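Take a look at the letters that make up each chain.
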2 protein chains.
Amino acid sequence: MPFGILKQHADRLDKLEVALATMGGMVEQQLTDALTAFEQRDAGLAKTVGARDAETDRQERQIEELVAELFHERRRNPGEIRRMMAAVRIASEMERIGDLSKNIARRSIIIADSDLQGEHSKHAGVVRMGRIALRQFSEALDALFRRNADAARAVRNADDQVDDIYNSVFRELLTLMNRMPGTASTGTHLIFVAKNFERIGDHATNIAERVHYALTGEQLPAERVKTDVTSTLIAAE
Amino acid sequence: MPFGILKQHADRLDKLEVALATMGGMVEQQLTDALTAFEQRDAGLAKTVGARDAETDRQERQIEELVAELFHERRRNPGEIRRMMAAVRIASEMERIGDLSKNIARRSIIIADSDLQGEHSKHAGVVRMGRIALRQFSEALDALFRRNADAARAVRNADDQVDDIYNSVFRELLTLMNRMPGTASTGTHLIFVAKNFERIGDHATNIAERVHYALTGEQLPAERVKTDVTSTLIAAE
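Residues numbered from 1 in each chain as written. Chains lettered and ligands numbered in written order. Predicted model: local features only at pLDDT ≥ 70, side-chain atom pairs only at ≥ 80, totals over all residues. Heavy atoms only, no water.

- Going by what an unreviewed UniProt entry lists, chain A is known as Phosphate-specific transport system accessory protein PhoU and is assigned to Parvularcula mediterranea.
- According to UniProt, the comment filed for chain A under the heading Sequence similarities (unreviewed entry) is "Belongs to the PhoU family."
- Database annotation for chain A, UniProt heading Subunit (unreviewed entry): "Homodimer." (UniProt positions renumbered as here; feature names shortened; annotations may be inferred.)

## As for the packing of aromatic side chains
- Tallying each qualifying case throughout the model produces six aromatic pairs over all chains.
- Residues A:F71 and B:F71 carry aromatic rings whose centres are separated by 3.5 Å and whose planes lie at 5 degrees to one another, so their mutual orientation is stacked. Placement of the pair is A:F71 in helix α3 (residues 53–73) and B:F71 in helix α3 (residues 53–73), with the two residues belonging to separate chains.
- A residue is classified by how much of its surface remains accessible, and A:F71, at 2% relative accessible area, is buried.
- Taken together, a centroid distance of 6.4 Å and an interplanar angle of 45 degrees make the contact between A:F170 and B:F192 tilted. Within this pair, whereas A:F170 is found in helix α7 (residues 159–179), its partner B:F192 is found in helix α8 (residues 184–216), the two belonging to separate chains. Each member of the pair, A:F170 as well as B:F192, carries the same accessibility label: buried.
- Aromatic ring contacts, followed pair by pair, group A:Y166, A:F170, A:F192, B:Y166, B:F170 and B:F192 into a single cluster. (Phe/Tyr/Trp six-rings, centres within 6.5 Å; stacked < 30°, edge-to-face > 60°. Helix = DSSP H or I, 4+ residues; strand = E, 2+ residues; numbered from the N terminus. Buried < 20%, exposed > 50% of the residue type's maximum accessible area, 1.4 Å probe, protein only.)

## A look at the environment of B:L70
Residues and elements named next belong to chain B.
- By the element assignment, L70 lies in helix α3.
- Measuring from C-alpha to C-alpha, the distance between L70 and M84 comes to 8.3 Å, with 14 residues separating the pair along the chain.
- In contact with L70, other than residues within four places in its own chain, are R12, L13, L16, R76 and M84. (Contact = heavy atoms within 4.5 Å.)

Structure, rendered in structure tokens:
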């Protein structure tokens, strides 16, 4: 095969990485803005997050179409197939992170002028979760673009931290809601924001696992033990 | 190309549909059991749902591996590429439905012996959501296996119903939690169960959209207007 053709194919697969980088950068900004809007009770910023969601959907679709074109172009070798399938799945995980960011931003608007303004400890816990989830996502993107399997493997270690904070925030908020009538609305929205950050951490972990597999052809050990135990928790009353 | 080879390839792609059917049937059972466990407060049944989750994960992985093999086998035409990429995405949506069913089953165990036993109206609303979500999923599977694009298109119409019930259940539960101290835990778990059924409806809709695209090559009109407005709701207090 003449070198030119090989080169041309390489460039085509590189387009996929460029498209992922573009989408990744945009979703990272969505998540950063959602976190800032939540932390600083900035309703204006929260609104801009929602407005950008359609663009993320469009980017996901473009990545799928590009992958379909690349598959049609010629028969692919196993390494290429792994990269291309990983791209589709990573785009889908990023779309979900964008969607969850939009949801966090929306809920921030209600929480911003709520009856729990004084309850800084709960709020701070959720912000802490958000920061870890954002860092996980940034590190997963970084592992993807530096093609670093070790870095990818490291991302999911942070997931336990997010889960621990989530469990304690959940417990505290239930207790508060039971003790202070009138706090159910804000308390529930705060729990949902916390849950959304926890899910973003999961999606970042999924991205890292996909990156690891695409680079090495090896799945990371299957079941990380999940420590979100809130589905079996009852509040102190 | 001799007929035998064409036939052999057709059989290989059929294996993909068999794998999807197997996984679909299993996830449908998971969802059915989770709904029954919730409705009949059957903790024993709830536990069996969680135990089957690892099998669903394994099936998803197998489908991805089969698709990778099929891509490697030879260069594919656009129709085949659509079917193969749809299979990967549908398996992923089904895995999420299995996961959400597990979560519903877990929460059912807590709700089963709770302080809100008497609150049948809220409970009934959530069961109604669950039934619609299950029907959506069954219809999406049916559209997939009968290769019926019209049936696929019809699935997402039910989504508005699920969203409407969710919004009213959410509102009622917040009001209840504000009025009756001590109900925060069960109320929150019920909201999560309702939210999970709502998300299952979304995943069923996504499957239907993928089926439609795989069959016709045409995307359904992009933005169905979402009517989950709970992220902007404040309870009557």
